[in-house]
Amino acid sequence: MARMMGPSGMSGNGYGRMLFDDGSPKPNMSKKMLIRIGKYFLPYWKQTVLVMFILLLTSVLGLLPPLFIQHIVDRALPNKDMQLLVILVLASLGTTVTSGLLGVLQNYLNSFISQNIVYDMKNQMYLHLQKMPLQFFSNVKQGEVITRMTSDISGIQGVFNTNVVNFVSNLFVLVTTSVTLIILNWKLAILGMVVVPLFIVPTRKMGNIRWKLAKQTQEKMSEQNHIIQETLSVSGYLLMKLFTRDTKEYSSFQTVNAESTRLQIRESMAGRWFMMLLTTFTSIGPMLIYLFGGYLFIQGEITVGGIIGFVALLNRFYSPVGQMTNLYVNIKRSVALFERIFEYFDMKPRITDAGSTLSIDTTKPDIEFRDVCFSYQEDTPALREVSFTAASGTMTALVGPSGAGKTTITNLIPRLYDLNSGSIRIGGTDIRDFTLESLRSHIGLVTQDSYLFNGTIKENLLYAKSDASDQEIIDACQAAYIHDDIVKFPDGYDTVVGNRGIKLSGGEKQRISIARVLLKNPTIIIMDEATSSLDTVSEYYIQKAMHQLLHNKTSIVIAHRLSTIMAADKILVLQDGAIIEEGTHEHLLDQQGLYKELYDKQFERKVFT
Ligand code: ADP
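Here is what the cut-offs are and how they apply
Residues numbered from 1 in each chain as written. Predicted model: local features only at pLDDT ≥ 70, side-chain atom pairs only at ≥ 80, totals over all residues. Heavy atoms only, no water. UniProt positions renumbered as here; feature names shortened; annotations may be inferred. Helix = DSSP H or I, 4+ residues; strand = E, 2+ residues; numbered from the N terminus. Expected span 1.5 Å × (residues − 1). Buried < 20%, exposed > 50% of the residue type's maximum accessible area, 1.4 Å probe, protein only. Core = buried A, V, L, I, M, F, W, Y, C linked by side-chain atoms within 4.5 Å. Contact = heavy atoms within 4.5 Å. Pairing = 2+ DSSP bridges. Axes fitted to C-alpha atoms, helices over the stretch in contact; angles between N-to-C directions.

Going by what an unreviewed UniProt entry lists, the protein is known as ABC transporter ATP-binding protein and is assigned to Paenibacillus mendelii. The heading Subcellular location (unreviewed entry) in the UniProt record of the protein holds the text "Cell membrane".

Printed below as a string of structure tokens:
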């Protein structure tokens, strides 16, 4: 099986590079990117327009209370007009309550829009990842796919609230307030606005620092997840324990953990200092207004209510300025989030339907390899000009030392990988001309380490044929010589397998997997025979099950057992990615070549590895 399902190797196929290179330290905030993000909002444009309208309304409503205060101070109080006072107070209360109610509606719409965008994106991502080749999953760091599917995409929901809504609402408040301020008293308005540039200068710098820290934190977190997944999963745990790497793993976890903690503290502190500066600057404005406003009052140019109302409005002016400067940081973070997600979307599935709709001719499904060359990584060919024909209805056995390319041959037939040159034909047609679905539905694959998902035995079997009847399931299991074992389990076919249920032996798993392929009833069978680790009884039953499975089918079997090899119609001997001998068992023994050598070495164990 070589490294097919192995741990994450980063190099090689380009996917690794695209995922983990840091690239430019600044997020790409180009027009194209923003349009791409905008497209996700398009289906919800009605709700978005409604949100905008509510924001405009609340920004206007927000102007009223300070103006009411001005009238309370200037008219109701000096004239001891109780009725006016009550009216103004009630009006003030009324606008506040209305704004609050509108806020609730707006909140509902916000979450409706953002949750639906997350929903759409998750579906799109799942569909996209399903199309990615096997190579992608063997190269990607463990946990990386989960992080992107869950926390990254879920992070998007905050984008609408923190960015779009904030931006628009602040913009409305800013425009309506500044116009009102100028109308009220243009001299004071200019004075109040003079301090604004003080906010802007440190903003860019802080924005960059915070963004950089956030990105570093995210990377450390994903490194941390990676360690957790690699060492605290069943096989990772075993590896760690058996090689007594506990202390070493703990210390690397601790290091990454410490770094991410330090980064997170720094990130939140960077934000605090920033806020403190903003608060200081925002308090300078009102002081200036009291000073200059007081002077204008003495000159008889403005009333006391005018000054109080003005200062109240001025705060309404500063708060959006403060938030807009923060917004810049948030937008950068959100764009970075989108970037991470788009990075995945931009990875093209390399194995695609050629647009043809051909289906496999099931009457004569012979498999022909013509000068097939393939490499997982540039410059290290795994197969070199491999040519052979597996005649329809016969069994072809692949033998050869480990790493010779046997698994690679079996991976190329269902197009888990695409070859570099040459061609593979089934019934005379290039496999790239079939639809992927037709190709794969006619191929049954039994791997050495058969994967059963965490569910009942029956559910695992139904994966091959969802509408199979109970009788069909039983027939398949009887043919695979596993029925008698299954009925002995306490829950029979409803026994849960995997890490939440019963632990099956390798032999049992492989026989269930054979039953699964029997149910699928494909035209072509590809099988990686279980190795010598099976006990004799298991081995015996697997042989019998295999016999049933391969009967009258075109099959390619990676053979480890003498009995399989003897039963094969043709044996291909592989070494270093090339077929060096080909023929029947007797013919090959006569040749006195590698096959004879392997046979002599391993005959005693009656096993080829
Ligand atoms: P066999 O099944 O005969 O043991 P394989 O077909 O698994 O051999 O491997 C052939 C060669 O390809 C080996 O050199 C192996 O290291 C390499 N190889 C196998 N799988 C991968 C992979 N996913 N990425 C990179 N190299 C691989």
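Caption draft 1: A look at helix α18 (residues 506-520). Taking 1.5 Å of rise per residue, the 15 residues of α18 would be expected to cover 21 Å, and the 21 Å separating its terminal C-alpha atoms lies within 8% of that figure. Within α18, eleven of the 15 residues are buried, which leaves it mostly tucked inside the rest of the structure. Every buried residue belonging to α18 is among Gly507, Glu508, Gln510, Arg511, Ile512, Ser513, Ile514, Ala515, Arg516, Val517 and Leu519, and all of these are buried.

Caption draft 2: The arrangement of the nonpolar core in detail. Grouped together as the largest cluster of nonpolar side chains are 43 residues, with contacts concentrated most on Ile457, Leu461, Cys477, Ile514, Leu549, Ile571 and Tyr595. Those residues in contact with cysteine 477 that sit more than four places away from it in its chain are Leu461, Ile482, His483, Ile486, Tyr493 and Ala515. Formed by 37 residues, the second largest nonpolar core is a distinct cluster that contains Phe41, Met52, Ile54 and Phe160.

Caption draft 3: Up close: the UniProt feature "transmembrane region" (unreviewed entry) in the protein. What UniProt calls "transmembrane region" (unreviewed entry) maps, in this numbering, to residues 49-72, 84-105, 171-201, 273-292 and 298-318. The distance from the first to the last C-alpha atom of residues 49-72 is 36 Å, and the span holds 92% helix and 0% strand. Across residues 298-318, helical content stands at 76% and strand content at 0%; the span's end C-alpha atoms are separated by 26 Å.

Caption draft 4: Structural view of the pairing of strand β9 (residues 570-575). Across four bridges, strand β3 (residues 395-399) lies against β9 in parallel orientation. The residue bridging alanine 397 from the neighbouring strand is isoleucine 571, located in β9. As defined by bridge partners, β9 adjoins strand β10 (residues 578-583) across five bridges and the pair is classed as antiparallel. Following the sheet pairing, leucine 574 is matched in β10 by isoleucine 579. Taking the residues that link successive antiparallel strands as the turn, the β9-β10 hairpin has two residues, and the phi of aspartate 576 there is positive, at about 45°.

Caption draft 5: Structural view of the sheet that holds β9. Pairing within the open sheet is mixed, and its six strands lie in the order β6-β7-β8-β3-β9-β10. This sheet does not close on itself; its edge strands, each paired only once, are β6 (443-446) and β10. Across the sheet, the axes of successive neighbouring strands diverge by a mean angle of 20°, strand direction being ignored. Bridge count for β3 against strand β8 (residues 554-558) is four bridges, and the pairing is parallel. Bridged to threonine 396 within β8 is isoleucine 556. Packing of α18 onto the sheet brings it into contact with β6 and β7 (524-528), and relative to β6 it is tilted by some 175°.

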